[in-house]
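Given next are the chains, with one letter for each unit.
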Amino acid sequence: MADNTAAFKSVQTTCPYCGVGCGINALVDEQTHQVEITGNPSHPANFGRLCSKGSALGETVELKGRLLQPRVYGREASWGEALDLVADSLISTIEKYGPDAVAIYGSGQLLTEDYYVANKLMKGFIGSGNMDTNSRLCMSSSVAGHKRAFGSDTVPGCYEDFEQAELIILIGSNTAWCHPVSFQRIRAAKEANPQLKIVVIDPRRTVTCDIADLHLPLAIGSDTILFNGLLHYLGRKDLQNQAYIEKYTEGFSTALEAAAISSGTIEGVAAQCRLNVNDLQRFYHWFARHEKVMSLYSQGVNQSSSGTDKVNAIINCHLVTGRIGKPGMGPFSLTGQPNAMGGREVGGLSNQLAAHMDFARNDDIERVGRFWGSKTIARKPGYPAVELFDAIHDGKVKAVWIMGTNPAVSLPNADKVKQALQHCDFVVVSDCIANTDTTALAHVLLPAQGWSEKDGTVTNSERCISRQRALFSPAGGAKPDWWIITQVARRMGYEQAFHYKNTAEIFREHAALSGFENNAEQGLRDFDISAFADISQQEYDNFQPIQWPVNRTHPQGRARIFDDGKFYTATGKARFIAIEPRLPVNLPDKVYPLVLNTGRLRDQWHTMTRTAIAAKLNQHKPEPFVEVHPTDARRHELLPNTLATIESRWGSMVARVQITDSQQQGSLFVPMHWTGQLASRGRMGALVNPVVDPVSKQPECKHTPVRIEAYQPVWHGFILSRRELNITEPEYLVKIKGEQFYRYELAGETLPENWQDWARKNLWNTPVENSQWQEYQDSGINNYRAAHIVDNRLESLIFIGGDINLPERSWLTSLFAHAELEKDDRKSLLTGLPPLGVPDIGPVVCACFNVGEKTIQTAIREKNLRTPQQVGQYLKAGTNCGSCVPEIKALL
Amino acid sequence: MTVNNIKVDRMKRRLVVIGNGMAGMRTVEEVLSAAPDKYDITVFGAEPYGNYNRIMLSSVLCGDKTIEDIVMNDRQWYADNGISLHAGADKAVVRIERRARKVYALDGTCAEYDRLLIATGSKPVIAPIPGNDLEGVISFRDILDVNKMLAYSRQHKKAVVLGGGLLGLEAANGLVLRGMDVTVIHNSEVLLNRQMDRKAGKMLQTALEQRGLKFRMAATSQCLMGDEKGHITAVRFEDGSELECDLFVMAIGVRPNISLAQEAGLYCERGIVVNDTLQSYDPAIYAVGECIQHRGDTFGLVAPLFEQAKVCANHLSAHGVAEYSTLPAATKLKVTGINLFSVGDFLGDESCEAVHFTDPSMGIYKKLIIRDNKLMGAVLYGDTADGMWYQELLEKKKNISDIRDVLIFGQAYLTAAEAA
């Protein structure tokens, strides 16, 4: 940035990606619309650290691709017209079909204030429970498990416990990639305390195993057997905490009995989970022997048809030992989204009502109705996500308003979701991005403010509420979500209840509701931030991160809950849940013999609408891929880096084959991120079975029977272009944004008549002066390569071949950084190889400093480097976010 | 016997060479190195010089080199090596008496041989059109021709070169550099159509046009017209148009110079027919160079001549192990700043696959012809750095399937493993 710092303002905000909830210091230049992002050293979630995604936030604030004006039936409209149409359509639908014919589908990306207003509108005034959110896909099993065990949706512990623990168990969590900053914190804790043991329980050998003392690659879906086995093991008189069980819990004996029946001997458990019996024994032994045990879990636990049972099976083991709510111990759900927790607090799930009250108790319904001053409050839960889109598909829900999420990609059986939205009478989408797979299906598009413009609060995994603050003034006509909802609510006749002028006002009301009749007589609720009910605008503006509850008893917040043994069940005791292990609903068979697992990548977020804007985040894993065990690859005749079709009963996708024994035999892994905007056939949601957990209604995204076969196009290729191109023909097409270029990975089933014409049509749709072409063609092996050069500057490149053996992209892409093409480079261009003497850095390992694999290998060899630290000192690789350290270790 | 200045050694056999050109003298050099004491050597040459590098004549024409520069062996060399040289127009051999094993020059000089080497080269083809005997109509074959062209260029303005082959283009380029207004008449639409494909030919034409050469492509000249002094004034084309000129250079090819051999009753077809040891039908007579016909081929480029010289010398030296076989010869055009190269079958047929590389603005065009994963031919224009490598791949018939991706880009892009 320029020297004149006076023009910059410094803003403290939070990262909009995962649930770690890192604090950010943003140095904002309003004039150039640029921002420099650094970690906030004083934020308790990250103490200055940021991961690759967070570090690259500055690259995602560009206005290109933003939705900046309301659109109504495909044309631009004024806010007035769009809001009138939304309000009128909702009213007429409700009049005709009743309140349950409308729905809101929100997102863990919404801020608490947005969420609160949306929930209030639907449940409080429209009077339907049909407000659900994409948190259903990631958190609802945890919510349900918490409520069953604790009577409340409470995360008992905090991040500080990582440093105090003696044993940390990571269950169904690729923490290294999905919660990188928490992972770095655990890694640092282990380095500081070599006694700290780490166990990773995951069918895949992910990079998280890098810090593991023990990896248990259990059979997919066998978690409940494993933890029932542990409960059975801990049930021995000398290992259980009898005093705790008696004083603070209930249901122990039935749970233990169920555990004993299902698990039997350790050998039996090992066999069912397909684990080495000694490893299993060691894990049980470690768990029993260490008082300070933390069980961190994430989507591998939650996204299952027995997700809630898995959560409770884990919690049971903490209850039997009394290890909960005290320093260094307890179950800990790593939330996926920045404000999934905030959404839960306002009642964003369709079975929740508000402020940790739900539809189970009439008292609660009356109470919330009273607080809101509504007579039309909903009295029963609405449709949870998967059922909601089924209901839309079946015509039961006629109008839906989707906010800040992309269900046409992310939901199971996503092709059906697309159809449902295509047939829906009225689809409203509020989003900050213009073109997504979901906005394409909307009748009304409402431009919401993006992360860099929004203002409000979020809650992270450890119940810590932080302020997200606007960096820039709103772009174009973009408005805050709370404002949009409020405007619609007012037009629907609810002016009085939706009088908000700013987020502080909403936050005060939310805080007030959390404390409303929250007492021993009328029923205590865990979520209570009543201390903020009268917060001033200035206090709200200066809000510092704090862990709820924040009330008269805990004015400074509370790091740990349940340390006093008081739970929020009717009896005040924690409940053991008897778990009968269930297999995943759809099992592999002869036709679909493999199991598809899905998950996140290190450098991408959700459906990539923002992370894919940051070129450096597209380097790590540029294309949709499928991980296959070597034996499966042989059996299904798949070769490395070729393409494969993966098919389930619900849909299919095409991905690049990566053969690795970190994947179990019989199971495949695909990343969850790619959409129709970036990949022609990369949407994994289309395959995922629409099966949900009976309690939490969370879909089973980690287990779908599939088959795989080689996809054999006639040609393969790639294009690099300075400008964005409009390529549609090839059957396989992936678009990747790079540093000053766009990369397109291609494969096709038919050959064009003439590659030269094809290239000119696709790379050069508008003729330019001084345009020059360099071409290479081999008729025998169907090789065609061309470079389009304008004013001696590289404009685009196309490489086509009969198979996947095309040159590395790394050197070629680096040429787009040059204003002029060097003569030597030009001569080498179509070889794809740098002229002699120019090093080829190879695939990028460290996205932060753009350090390639070959550079690292050379440095290791030539400088005799032995540790990742030495590599870091020499090349800087791995010294920023640290998430590539496992890969550097692998190179060492 | 007029061979009196050299002491005849009874032990030595006698080798007589007819033709003091590149093929003959290379053979002599090879013999001298392989069997220095085997022969008394006598050389007859119709040009009054030592031995010079004929392919450098165009460099002399354009002024890059002088005659002295291109002399390979001066008279002193012959003396130093004990070779008796008879050079000059009157020393042209006119008769071979095979039974007596004697040769006679125009002036009656006679030499006896045990082995005779015929290296009479070739003669320019003269277009059979009216007026081809006019003053100012010449060919481009020897130093005399070069001197004539230089003389014309000093006094006259307009020149026409008939033939857009290598020699014609080199002559035309030289004359342009000497200040003449030169038009090349070519019967094909493509320059160097024996060595280049259409695309390379067109690029070459553009490059030459930028140097001031003019072209009449796909044109047939009907007759040459002269003035009353019998000097050429213009060429008339079949379409009736005319082009003025003061100098008319014929460069439409050569044919083997075999009249002497034919008269001696040696078996000839288009050339003197030789076997794989370069021996003619008369076991005492060998022949090398542009005058021979070997397995149906005649020759016009220097590389096979040198190979023939090596094989022939091997047999003359009685080592008797070498066999000549014709390898694809590469072509280069000696026009400064224009790089082109072609080798082998560069057009190919249906059984062949073509690899192209083009960068018109860089002036680069390359084409490789491949059949059964073997390189069959190559045309390079603008970037000829890898010509020799392609020629080697072609000669060795190497399987190129592993390096096919980088083949056209050049040897530099081979990894160490591939190069092995």
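Computed from a prediction, not measured in an experiment: that's the story for all the values here.

(A) Region of interest: the overall build of chain B. The secondary structure content of chain B amounts to 12 helices and 27 strands. Here the C-alpha atoms of chain B give a radius of gyration of 23 Å, agreeing with the 22 Å that 2.2 N^0.38 yields for 420 residues. Along the longest, intermediate and shortest principal axes, the C-alpha atoms of chain B span 70 × 65 × 35 Å. By residue count, 45% of the 420 residues in chain B fall in the buried class. Restricting to contacts in chain B with at least 6 residues of sequence separation, those with at least 24 account for 63%.

(B) A look at the overall build of chain A. A tally of regular secondary structure across chain A gives 29 helices and 36 strands. Over its C-alpha atoms chain A spans a radius of gyration of 27 Å, differing by no more than 12% from the 29 Å that the globule rule assigns to 892 residues. Principal-axis analysis of the C-alpha atoms gives chain A an extent of 80 × 65 × 60 Å. Taken over 892 residues, chain A has a buried fraction of 63%.

(C) Spatial organisation of the UniProt feature "domain: 4Fe-4S Mo/W bis-MGD-type" (unreviewed entry) in chain A. Residues given the UniProt feature "domain: 4Fe-4S Mo/W bis-MGD-type" (unreviewed entry) here are residues 8-65 of chain A. Span residues 8-65 of chain A is 7% helix and 33% strand, its end C-alpha atoms 25 Å apart.

(D) Spotlight on the interface of chain A and chain B. Between chain A and chain B, the residue contacts involve 14 residues of the former and 16 residues of the latter. Ranked by residues supplied to the side of chain A that touches chain B, first place goes to strand S32 (residues 771-778) of chain A with 6 residues. Residues of the side of chain A that touches chain B, tallied by class, amount to 5 nonpolar, 6 polar and 3 charged. Both S32(A) and strand S25 (residues 353-359) of chain B contribute to a ladder of 4 bridges, which runs antiparallel. Counted as the bridge partner of Tyr776(A) is Phe357(B) from S25(B).

(E) Looking closely at the sheet that holds strand S5 (residues 75-76) of chain A. Residues and elements named next belong to chain A. Pairing within the open sheet is mixed, and its 7 strands lie in the order S5-S4-S18-S17-S16-S6-S7. The outermost strands of the open sheet, each flanked by one partner alone, are S5 and strand S7 (131-133). Along the sheet face, helix H2 (residues 79-97) touches strand S4 (71-72), strand S6 (102-106), strand S16 (399-403), strand S17 (426-431) and strand S18 (444-447) and points at about 130 degrees away from the line of S18.

(F) Up close: the domain arrangement of chain A. Residues and elements named next belong to chain A. Domain parsing of chain A yields domain 1 (5-60), domain 2 (71-137 + 339-502), domain 3 (140-338), domain 4 (594-711), domain 5 (715-830) and domain 6 (844-891). Distance between the C-alpha centres of domain 1 and domain 4: 31 Å. Taken together, the contacts link 6 residues of domain 1 with 10 residues of domain 4. A per-class count over the side of domain 1 that touches domain 4 returns 2 nonpolar, 2 polar and 2 charged.

(G) Region of the structure containing the pairing of strand S9 (residues 115-118) of chain B. Residue and element names in this part refer to chain B. A two-sided burial pattern is seen for S9, the buried positions comprising Arg115 and Leu117 on one face and Leu116 and Ile118 on the other. Taken together, the 4 bridges between strand S1 (residues 13-18) and S9 define a ladder with parallel strand orientation. The residue bridging isoleucine 18 from the neighbouring strand is isoleucine 118, located in S9. The sheet contact formed by S9 and strand S21 (residues 285-287) spans 3 bridges and is parallel. Following the sheet pairing, leucine 117 is matched in S21 by tyrosine 286.

(H) The domain arrangement of chain B, seen in detail. Residue and element names in this part refer to chain B. Partitioning chain B into domains gives domain 1 (13-123 + 254-316), domain 2 (137-250) and domain 3 (339-419). A C-alpha centroid distance of 32 Å is found between domain 2 and domain 3. Taken together, the contact between domain 2 and domain 3 spans 8 residues of the former and 9 residues of the latter. A class-by-class count of the residues in the side of domain 2 that touches domain 3 yields 5 nonpolar, 1 polar and 2 charged.

(I) Representation of the nonpolar core in the model. Formed by 340 residues in total, the largest nonpolar core has its most connected members in Ile168(A), Ile646(A), Phe248(B) and Val249(B). Of the residues forming this core, the biggest block, 8 residues, is contributed by helix H3 (residues 112-126) of chain A. When neighbours within four sequence positions are excluded, Ile646(A) is seen to be in contact with Leu596(A), Val626(A), Ser652(A), Met653(A), Ala655(A), Leu668(A), Val670(A), Leu687(A), Val706(A) and Ile708(A). In terms of nonpolar packing, the next biggest core, distinct from the first, is built from 49 residues, Ala23(B), Ile41(B), Val103(B) and Ile118(B) among them.

(J) Region of interest: the sheet that holds strand S17 (residues 242-244) of chain B. Residue and element names in this part refer to chain B. The 3 strands lie next to each other as S15-S16-S17, forming an open sheet whose pairing is antiparallel. Both edges of this open sheet fall to strand S15 (221-226) and S17, since each of them pairs with a single strand only. Within this sheet the neighbouring strands show an average axis-to-axis angle of 20 degrees, counted without direction. As judged from the 5 bridges shared by S15 and strand S16 (residues 232-237), these two strands associate in the antiparallel manner. In the strand pairing of S16, serine 221 is matched with phenylalanine 237.

(K) Representation of the pairing of strand S26 (residues 652-659) of chain A in the model. Residue and element names in this part refer to chain A. In this sheet, S26 lies alongside strand S24 (residues 625-628) in parallel orientation, the contact comprising 4 bridges. Each residue of the ladder has a partner; that of valine 628, found in S26, is isoleucine 659. With 5 bridges joining them, strand S25 (residues 643-647) and S26 adopt antiparallel strand pairing. Across the sheet, glutamate 647 pairs through a bridge with serine 652, a residue of S26. Hairpin connection from S25 to S26: 4 residues lie between these consecutive antiparallel strands.

(L) View of unusual backbone geometry. Residue and element names in this part refer to chain A. With an omega of 5 degrees, the peptide bond running from tryptophan 548 to proline 549 counts as cis. Note on placement: proline 549 falls in the loop between strand S21 (546-547) and strand S22 (574-575). Positive phi, close to 60 degrees, is recorded for asparagine 782, a residue that is not glycine. Tracing the backbone through its elements, the reader meets asparagine 782 in the loop between S32 and strand S33 (783-790). Phi at asparagine 864 takes a positive value of approximately 55 degrees, unusual for a residue other than glycine. Relative to the helices and strands, asparagine 864 is located in the loop between helix H27 (853-863) and helix H28 (868-875). Given 8 C-beta atoms within a 10 Å radius, asparagine 864 is considered exposed.

(M) Up close: the environment of Arg635(A). Mapped onto the elements, Arg635(A) comes out in helix H23 (residues 630-635). Along the backbone, Arg635(A) and Arg575(A) are 60 residues apart, and their C-alpha atoms lie at a distance of 47 Å.

(N) Highlighting helix H24 (residues 755-763) of chain A. All names here are of chain A. Of all the residues in H24, the buried ones are Trp755, Ala759, Asn762 and Leu763. The buried residues of H24 occupy an angular sector of 85 degrees when the element is viewed end-on, so they sit on one face. Its buried side turned inward, H24 meets strand S29 (715-721), S32, S33 and strand S34 (793-801).

(O) Seen up close, the packing of H3(A) against helix H21 (residues 503-515) of chain A. Residues and elements named next belong to chain A. Relative to each other, H3 and H21 sit at 65 degrees, their axes nearing to 9 Å. The orientation of H3 with respect to H21, classified from their angle, is roughly perpendicular. For H3 against H21, the interelement crossing comes out left-handed. When H3 is examined against H21, the residues Thr112, Glu113, Tyr116 and Val117 are found in contact with a partner set consisting of Thr503, Ile506, Phe507 and His510.

Cut-offs applied
Numbering of residues starts from 1 in every chain and runs along the sequence as written. Numbering of ligands from 1 and lettering of chains from A proceed in the order in which they are written. In keeping with the predicted nature of the model, local features appear solely for residues at pLDDT of at least 70, side-chain atom pairs appear and are counted solely at 80 or more, and the whole-chain, interface and lining totals rest on all residues. Per the convention used, a helix needs a DSSP run of H or I reaching at least four residues, while a strand needs a run of E reaching at least two, with both numbered from the N terminus. What the globule rule says is 2.2 Å times the number of residues to the power 0.38, and the radius of gyration is computed from C-alpha atoms. Each residue is classed by its C-beta neighbour count within 10 Å, where at least 20 other C-beta atoms makes it buried, 12 or fewer makes it exposed, and intermediate counts make it partly exposed; the C-beta atoms are placed from backbone geometry. By the criterion used throughout, residues are in contact when their C-beta atoms, derived from the backbone, lie within 7 Å. UniProt positions are given in the numbering used here, feature names are shortened, and annotations may be inferred rather than shown by experiment. Classes in brief: Ala, Val, Leu, Ile, Met, Phe, Trp, Tyr, Cys and Pro nonpolar; Asp, Glu, Lys and Arg charged; the others, Gly included, polar. In this scheme, strands are said to pair when DSSP sees at least two bridges between them. Note on geometry: axes are lines fitted to C-alpha atoms, helical ones only across the stretch in contact, with angles between N-to-C directions running from 0 to 180 degrees. Boundaries between domains were set according to an automatic or database domain assignment. As used here, a nonpolar core is made of buried Ala, Val, Leu, Ile, Met, Phe, Trp, Tyr and Cys residues. They are joined through C-beta atoms within 7 Å. To obtain the arc, one takes the directions from the helix axis to the C-beta atoms. When an angle is under 35 degrees it counts as roughly parallel; over 145 it counts as roughly antiparallel; between 65 and 115 it counts as roughly perpendicular; any other value is oblique. Handedness of a crossing is defined here by the sense of rotation of the near helix relative to the far one, left-handed for an anticlockwise turn of less than a right angle and right-handed for a clockwise turn.

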